[in-house]
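Chain residues, written in single-letter form:
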Amino acid sequence: MLAYFGPQGTFTEQAARGFASPQEELVPFDTVPAALAAARSGATRWACVPLENSVEGAVPATMDALAEGEPLVAVAEAVLPVRFSVLTRPGHGRVRTVASHPHALAQVRHWLAEHLPSAEVVSTASTAAAARAVLNGDFDAAVSAPVAVRHYPLEVLAADVADVRDAKTRFLAVRPPGALPEPTGHDRTSVVCTAPDRVGVLADLLAELALRGINLTRIESRPTKGRLGEYRFYIDLDGHVSEPRVGDALAALHRHCPETRFLGSYPKAEPGGPVAGNEEFVAAAEWLSDVRRGRGA
Ligand SMILES: O=C(O)C(=O)C[C@]1(C(=O)O)C=C[C@@H](O)C=C1
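Parameters at a glance
- Residues numbered from 1 in each chain as written.
- Predicted model: local features only at pLDDT ≥ 70, side-chain atom pairs only at ≥ 80, totals over all residues.
- Heavy atoms only, no water.
- Helix = DSSP H or I, 4+ residues; strand = E, 2+ residues; numbered from the N terminus.
- Buried < 20%, exposed > 50% of the residue type's maximum accessible area, 1.4 Å probe, protein only.
- Areas by Shrake-Rupley, 256 points an atom, 1.4 Å probe, with all protein chains shown as cover.
- Lys, Arg positive; Asp, Glu negative; His and termini not counted.
- Charge placed at Lys NZ, Arg CZ, Asp CG, Glu CD.
- 1 Å grid on protein atoms, 1.4 Å probe; cavity = no way out; pocket = protein on both sides within 12 Å on 5 of 7 lines; lining within 4 Å.
- Points joined across faces, edges and corners; volume = space filled by probe spheres on them.
- Nonpolar A, V, L, I, M, F, W, Y, C, P; charged D, E, K, R; others polar.
- Domains from an automatic or database assignment.
- Polar contact = N/O pair within 3.5 Å; in protein donor to acceptor, adjacent residues only side chain to side chain.
- Contact = heavy atoms within 4.5 Å.
- Near = heavy atom within 4 Å.
- Sits in = over half its atoms within 2 Å of the grid points.
- Pairing = 2+ DSSP bridges.
- Axes fitted to C-alpha atoms, helices over the stretch in contact; angles between N-to-C directions.
- Buried area = accessible area lost by both parts, 1.4 Å probe.
- Salt bridge = Lys/Arg side-chain N within 4 Å of Asp/Glu carboxyl O.

Student: Describe the overall build of the protein, naming the residues involved and giving the relevant values.
Tutor: Tallying secondary structure elements over the protein gives 9 helices and 15 strands in all. Viewed in the frame of its principal axes, the protein has a C-alpha envelope of about 85 × 45 × 35 Å. Within the protein, the proportion of its 297 residues that are buried is 49%. Accessible area for the protein stands at about 13900 Å²; split by element, carbon and sulfur atoms hold 55% of it. Charge centroids of the protein, computed over 29 positive and 35 negative side chains, lie 2 Å from each other.

Shown next as structure tokens:
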């Protein structure tokens, strides 16, 4: 069973279908923490959640829930193009209220200003929750994933709606720690480091990656919520933890930030970017091992 951020008809459900085998059951949860809790408790084998959008940035609920509680490790990622349908009840009158997930609303701000300028804009827990609420008569229109009309008998007022044409959202499939996915040569590794309050700690973390030739693909900070001024750094980098250079770098990050959590090494959904050669790191590790065993110099 695969838990996902639902209800039925979210973009996350689409991503989940890509992860699951055809016979696997998909189980919707109304919030990201609830979907992750199902995977943590073993109620489902894994969970699919949204992580970041190319227009609106990180999904804070996912970032916080991955950094706290029992550890979960990503085993796969998916990147989906994001364009919306605006859905209404058949035979609707004037659209006075329009609802959706805050990330979706942020991606159609200009469209709404142009086409529904007097409608009140309301946030809901997800794009599909908005569609469900429109069906129940709570709001007049929902900004939803195009697949939502398969689940809710609504009318498409406008299709292919997006202020930014090539917007994309990245999703993760996570499960409790276990055997890691095999390296593919096009992998990403994610960690979250809680930074101790000292001069230069962030520079130290970045230097550990740079001096090993590791490509940083994302860094974001979120407050720990414990104390004002205390942050976690979420770091995505190219490579797999089984590679000597990446393993070395993660150990170094852990030395700087003892509160470092491994969030997974998994194949990249869109391979690209510089490919690091590992040969010299493998050769150096073998040489060192020989020296230590008295078999080389
Ligand atoms: O509400 C949904 O349909 C989701 O899957 C969540 C989500 C998000 O959190 O960014 C996913 C993709 C879109 O960017 C809008 C909403």
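Student: Would you mind going over empty space enclosed by the protein in detail, with residue names and values included?
Tutor: Within this structure, the stated rule accounts for 2 cavities of 30 Å³ or more. Roughly 210 Å³ of volume is contained in the largest cavity. Contributing elements (two or more residues each) for the lining of the largest cavity: helix 1 (11-19), strand 3 (46-53), helix 4 (102-106) and strand 11 (168-175). Taken together, the residues of the lining of the largest cavity break down into 8 nonpolar, 9 polar and no charged. Two domains each put at least three residues into the lining of the largest cavity: domain 1 (1-81 + 165-178) and domain 2 (83-161). In this structure, the second largest cavity occupies an estimated 70 Å³ of space. The wall of the second largest cavity is formed by Leu51, Leu172, Ser190, Val191, Arg218, Tyr234, Ile235, Asp236 and Leu263. For the lining of the second largest cavity, the secondary structure elements donating two or more residues are strand 12 (187-194) and strand 14 (231-238). Looking at the lining of the second largest cavity, the element that brings in the most residues is strand 14, giving 3 residues.

Student: Quick one: what's the story with the side chain of threonine 224, residue by residue and with numbers?
Tutor: When you line up the elements, threonine 224 lands in the loop between strand 13 (216-223) and strand 14. Since its relative accessible area comes to 11%, threonine 224 is described here as buried. Among the polar contacts listed, one links the side chain of threonine 224 to the side chain of glutamate 230, at a separation of 2.9 Å. Contact partners of threonine 224, with chain neighbours within four places excluded, come to Thr194, Glu230, Tyr231 and Arg232.

Student: So, the site of the ligand: which residues are in play, and what are the values?
Tutor: Taken together, 13 residues sit near the ligand, with Phe11, Thr12, Gln107, Thr127 and Thr169 positioned nearest. One of the side-chain N or O atoms of threonine 127 is found 2.4 Å from an oxygen atom in the ligand. Within the side chain of threonine 169, an N or O atom sits 3.0 Å from an oxygen atom of the ligand. Given that more than half its atoms are within 2 Å of the pocket grid, the ligand belongs to the largest cavity. Counting only elements with at least two residues in the shell around the ligand, the list comes to helix 1 and strand 3. Taken together, the residues of the shell around the ligand sort by class into 4 nonpolar, 9 polar and no charged. Taken together, domain 1 (1-81 + 165-178) and domain 2 (83-161) each give at least three residues to the shell around the ligand, which thus spans both.

Student: So, the sheet that holds strand 12: which residues are in play, and what are the values?
Tutor: Strand pairing within a sheet occurs via backbone hydrogen bonds; the two strands may be parallel or antiparallel. The antiparallel open sheet is built from 4 strands, whose spatial order is 13-14-12-15. Among the strands making up the open sheet, the edge pair consists of strand 13 and strand 15 (260-267). In this sheet, neighbouring strand axes are inclined to one another by 15° on average, regardless of whether the strands run parallel or antiparallel. As defined by bridge partners, strand 12 adjoins strand 15 across 7 bridges and the pair is classed as antiparallel. Paired with serine 190 across the bridge in strand 15 is glycine 264. Across the sheet, helix 8 (residues 244-256) is in contact with strand 12, strand 14 and strand 15; its angle to strand 12 comes to roughly 10°.

Student: Hey, could you go over the domain arrangement of the protein for me, with residue numbers and the actual values?
Tutor: Assigned domains of the protein: these are domain 1 (1-81 + 165-178), domain 2 (83-161) and domain 3 (179-297). Inter-centroid distance (C-alpha atoms) of domain 1 to domain 3 is 23 Å. Residue-level contacts link 26 residues of domain 1 with 22 residues of domain 3. Of the roughly 1900 Å² buried between domain 1 and domain 3, counting both surfaces, carbon and sulfur atoms make up 47%. Linking domain 1 to domain 3 there are 8 salt bridges. Residue lysine 168 is joined to glutamate 270 by a salt bridge in which the shortest nitrogen-to-oxygen separation is 3.1 Å.

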